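# Report on the structure
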Amino acid sequence: MAELKAATATLDARTTKIRNVPIAVTPEGFWCCPSQAVLQKTAKNQNHQAKTKGGASPPASKASSIQRAPTISSERRTHSTPTRSKINSEEQRCLSLSGENATTNPPKAVNERPQKQHKISVGFSQLEMSDLKVVLYGKDGVAVKMSVHKNILAENSTFFADKLSRQSPVSSIDVTDCEDVEIYVETVGLMYCSDVKQRLIKQTVPRVLRILKVAELLGFRACVISCLDYLEAVPWVGEEEENVVSSVRNLQSENYGVSPVLKRVASDLTTPPNDTFSHIIELVLRSNEDRGRREMKSLVQKLLKENSTTCTGGSSDLCVETIYRSCQNCLESLLTLFQQATDIDFAEQPLNIKEPVCRQIAFEADNLLWLAEILADRNAADEFAVMWASQRDLAGLHSKLPVKSRHLVSCVTARLFVAIGKGEMLPSKDTRRLLLDNWLQPLMDDYNWLQHGCRSFDRKVVEEGIGRTILTLPLEDQQTILLSWLGSFLKVGDSCPNLQKAFEVWWRRTFIRPYAEQQGNRSQSGQS
């Protein structure tokens, strides 16, 4: 008697475990298959509990427990052995009609360990009128038997219509190596819906893409079109865009009409509209609102930097041409403003006339600094270095303006020195010498203000850039520039760039290297 109670308790426990496999009912009344992850987790838990108890593994169930929905007729397991035997018998009878005796377990390799199969029965619409069994064999031993209706599948799916037309009568169709059992079942269920698009509302984009893939495989045209309508209307977030575009483009050969979806990411024009890019640059350069201007400059620069590796060929050339046109306009405007601000009569003008001119000078200098940053990021600033080094008139007027108005102009010079020092641009020797001749002294004049009045100014980086630029010149030019710097440094100290590292290198090149080379040559001559 005790053994009977123990056996009954064990059997009830096993039955409860099987019933815990979750199967949801959709609003249309068809069963939604649990996901692969849930099935795997359930299988692992069952195997782990069986090993822990040390007893024999429970026999493989022919079907999972099926809960009953109001509109679906389905099998129900109970705790009584006779009913359970009846269900098993009914399952075996249905499976034998569908040829499952020969294909229940997919072929295995000779030495492969037999894998336990987990079976689920799924019903659609009026189950008692079902006239076809579709058996899906998924991964990890999952098998799903769907009780469906031939007329529904044949009307909606070219895949099933072809299968059913090959032989008659057909009582079962096996689908082996099913990659996405869960979505396969849901897609078949959508064949029973009058409005597929309405059914997709509140679904996620990744799930709809999975449905789209299965619908295309089944030739379920109405579902494919509904998925495309959904994707055309719903926002795409983050990485969803690339996944949508990739999936939709694979449908182009099927003539599903995917152009409305792809119009979101692709224009009918074959090349990027350069006029639009020019318009954007011009809007940013002419903005008078400080915060919006600053934030959009940062955003545009970041986007251009990201695209510098992919925007190649003619498209890249158009971007650079646009930037250089803007540079030329800013330089011309800046020179005009300098000439206006250094005019003799300008000092006698009232403050309300002088202040807008000074603000405009800072405005144009800031624009040039931004454009120089963009060109340096794209490794296309060599021509800008030539343009800036050639501004002898602008450099000559620099000292006549108040440092508060002109200091941003020196930031442009500092940025070029940093770019040369880092190898971001490779201007010619003549251009480097001209840049130092025309703009190093104005930079030194503004250096004290830049250190204390410009938050973005990095003294160490700028000094390293200046020193490296000087050291790229012939030794005689290095000497001329560094001796001039030395005179200024000994007068003003920290108010001048600290080029001691460059001075050390020049010293060794001038006073140590020649004698070291002579001694090396003498030792080689003595040995020979």
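Residues numbered from 1 in each chain as written. Predicted model: local features only at pLDDT ≥ 70, side-chain atom pairs only at ≥ 80, totals over all residues. Heavy atoms only, no water.

### So, the overall build of the protein
Looking only at helices and strands, the protein has 24 helices and 6 strands in total. Expressed as a percentage of the 528 residues in the protein, the buried residues total 42%. Considering only residue pairs separated by 6 or more positions, the protein has 71% of its internal contacts joining residues 24 or more positions apart. If you sum the accessible surface of the protein, you get close to 29,500 Å²; carbon and sulfur atoms cover 52% of it. (Helix = DSSP H or I, 4+ residues; strand = E, 2+ residues; numbered from the N terminus. Buried < 20%, exposed > 50% of the residue type's maximum accessible area, 1.4 Å probe, protein only. Contact = heavy atoms within 4.5 Å. Areas by Shrake-Rupley, 256 points an atom, 1.4 Å probe, with all protein chains shown as cover.)

### Description of the packing of aromatic side chains
Counted by the stated rule, this structure contains 10 aromatic pairs. Where phenylalanine 503 meets tryptophan 506, the ring centres are 5.3 Å apart and the plane angle is 50°; that geometry is what we call tilted. Here phenylalanine 503 pairs with tryptophan 506, and both are found in helix H24 (residues 500–527), just 3 residues apart, close to one helical turn. Accessibility assignment for this pair places phenylalanine 503 and tryptophan 506 in one class, buried. These aromatic residues form a ring-pair network of at least three members: Trp485, Phe489, Phe503, Trp506, Trp507 and Phe511. The side chain of arginine 264 reaches across the aromatic face of tryptophan 236, ending 3.9 Å from its centre. (Phe/Tyr/Trp six-rings, centres within 6.5 Å; stacked < 30°, edge-to-face > 60°. Lys NZ or Arg CZ within 6 Å of the ring centre and 35° of its normal.)

### Notes on helix H22 (residues 459–471)
In this model H22 runs 18 Å from its N-terminal to its C-terminal C-alpha over 13 residues, within 8% of the 18 Å that 1.5 Å per residue would give. Within H22, the full set of buried residues consists of Val462, Glu463, Gly465, Ile466, Gly467, Thr469, Ile470 and Leu471. Sitting at the amino-terminal end of H22 is aspartate 458, which places a side-chain oxygen 3.4 Å from the backbone nitrogen of lysine 460. (Expected span 1.5 Å × (residues − 1). Polar contact = N/O pair within 3.5 Å; in protein donor to acceptor, adjacent residues only side chain to side chain.)

### Topic: the nonpolar core
Counting 74 residues, the largest nonpolar core has Leu368, Leu375, Phe384 and Trp388 as its most contacted members. Among the elements that take part in this core, helix H15 (residues 314–341) stands out by supplying 11 residues, more than any other. If sequence neighbours within four positions are ignored, leucine 375 has contacts with Val320, Ile323, Tyr324, Cys327, Ala380, Ala381 and Phe384. Counting 51 residues, the second largest nonpolar core, distinct from the first, contains Val181, Val188, Met191 and Ala215. (Core = buried A, V, L, I, M, F, W, Y, C linked by side-chain atoms within 4.5 Å.)

### Brief notes about unusual backbone geometry
Located in the positive-phi region is aspartate 177, a residue other than glycine, with phi close to 55°. Exposure remark for aspartate 177: the relative accessible area of 70% places this residue in the exposed category. Despite not being glycine, lysine 202 shows a phi value in the positive range, around 75°. Within the element layout of this structure, lysine 202 appears in the loop between helix H8 (196–200) and helix H9 (205–218).

### Considerations on helix H7 (residues 181–190)
Along H7, 10 of the 10 residues are buried, which leaves the element largely enclosed by surrounding structure. Listed as buried for H7 are Val181, Glu182, Ile183, Tyr184, Val185, Glu186, Thr187, Val188, Gly189 and Leu190.

### Overview of the environment of tryptophan 439
Counting through the fold element by element, tryptophan 439 comes out in helix H20 (residues 429–445). For tryptophan 439 and leucine 394, which are 45 residues apart along the polypeptide, the C-alpha to C-alpha distance reads 9.6 Å. If sequence neighbours within four positions are ignored, tryptophan 439 has contacts with Trp388, Ala389, Gln391, Leu394, Ala395, His398, Val409 and Thr413.

### Re the pattern of salt bridges
Overall, the coordinates contain 22 salt bridges when judged by the stated rule. Of the charged contacts in the structure, one is a salt bridge between arginine 293 and aspartate 366, with a shortest N-O distance of 3.2 Å. Of this pair, arginine 293 sits in helix H14 (residues 290–307) while aspartate 366 sits in helix H16 (residues 351–377), and the two are 73 residues apart along the sequence. The exposure class assigned to aspartate 366 is partly exposed, which follows from its relative accessible area of 26%. The shortest N-O distance in the salt bridge between glutamate 464 and arginine 468 comes to 2.8 Å. One end of the pair, glutamate 464, and the other, arginine 468, are both in helix H22, 4 residues apart, so they sit about a helical turn from each other. Judged by relative accessible area, glutamate 464 falls into the partly exposed class, the value being 43%. The network of salt bridges with common partners includes Asp180, Glu182, Glu186, Arg199, Arg207 and Arg210. (Salt bridge = Lys/Arg side-chain N within 4 Å of Asp/Glu carboxyl O.)

### Some details on the state of the cysteines
For the structure shown, the criterion picks out 0 disulfides. For cysteine 330, which is in no disulfide, the shortest distance to another cysteine sulfur is to cysteine 327 and amounts to 6.7 Å. Given the relative accessible area of 0%, cysteine 330 is considered buried. (Disulfide = S-S within 2.5 Å.)

### Quick look at a nonpolar patch on the surface
Together, Met296, Leu299 and Leu303 make up an exposed nonpolar region whose accessible area comes to about 230 Å². With respect to the element layout, leucine 303 can be found in helix H14. Given a relative accessible area of 39%, leucine 303 falls into the partly exposed group. (Patch = residues over 30% accessible without salt bridge, like charges linked within 9 Å, V, L, I, M, F, W, Y side chains within 5 Å.)

### Details of the confidence of the model for the protein
Chain-level pLDDT for the protein is 76 on average; 71% of the residues reach the 70-or-more range. Within the model, the stretch residues 1–33 combines pLDDT values under 50 with 71 contacts to residues more than four positions away or in other chains. Confidence drops under a pLDDT of 50 for residues 55–114, and excluding neighbours within four residues, the segment shows 101 contacts in the predicted structure. (pLDDT = per-residue confidence, 0-100.)

### Looking at the packing of H14 against H16
Two measures define how a pair of helices packs: the angle their axes make with one another and the distance between the axes. Here H14 crosses H16 at 15°, and the two axes come no closer than 9 Å. Overall, the two elements H14 and H16 adopt an arrangement that is roughly parallel. Taken as a pair, H14 and H16 cross one another with a handedness that is right-handed. Counting all contacts with H14, which are made through Arg293, Lys297, Val300, Gln301, Leu304 and Lys305, the residues of H16 involved are Phe363, Asp366, Asn367, Trp370, Glu373, Ile374 and Asp377. Here the contact of H14 with H16 is built from residues that sort into 5 nonpolar, 2 polar and 6 charged. (Axes fitted to C-alpha atoms, helices over the stretch in contact; angles between N-to-C directions. Parallel < 35°, antiparallel > 145°, perpendicular 65-115°, else oblique. Left-handed = near helix turned anticlockwise from the far one by under 90°. Nonpolar A, V, L, I, M, F, W, Y, C, P; charged D, E, K, R; others polar.)

### So, the pairing of strand E5 (residues 142–148)
Judged by how many residues are buried, E5 sits mostly within the fold: 7 of 7 residues are covered. Two elements, strand E4 (residues 132–137) and E5, share 6 bridges in a ladder whose sense is antiparallel. Its bridge partner lying in E5, leucine 132 is registered against valine 148. Between E4 and the antiparallel strand that follows it, E5, lie 4 residues; aspartate 140 among them carries a positive phi value of about 60°. (Pairing = 2+ DSSP bridges.)

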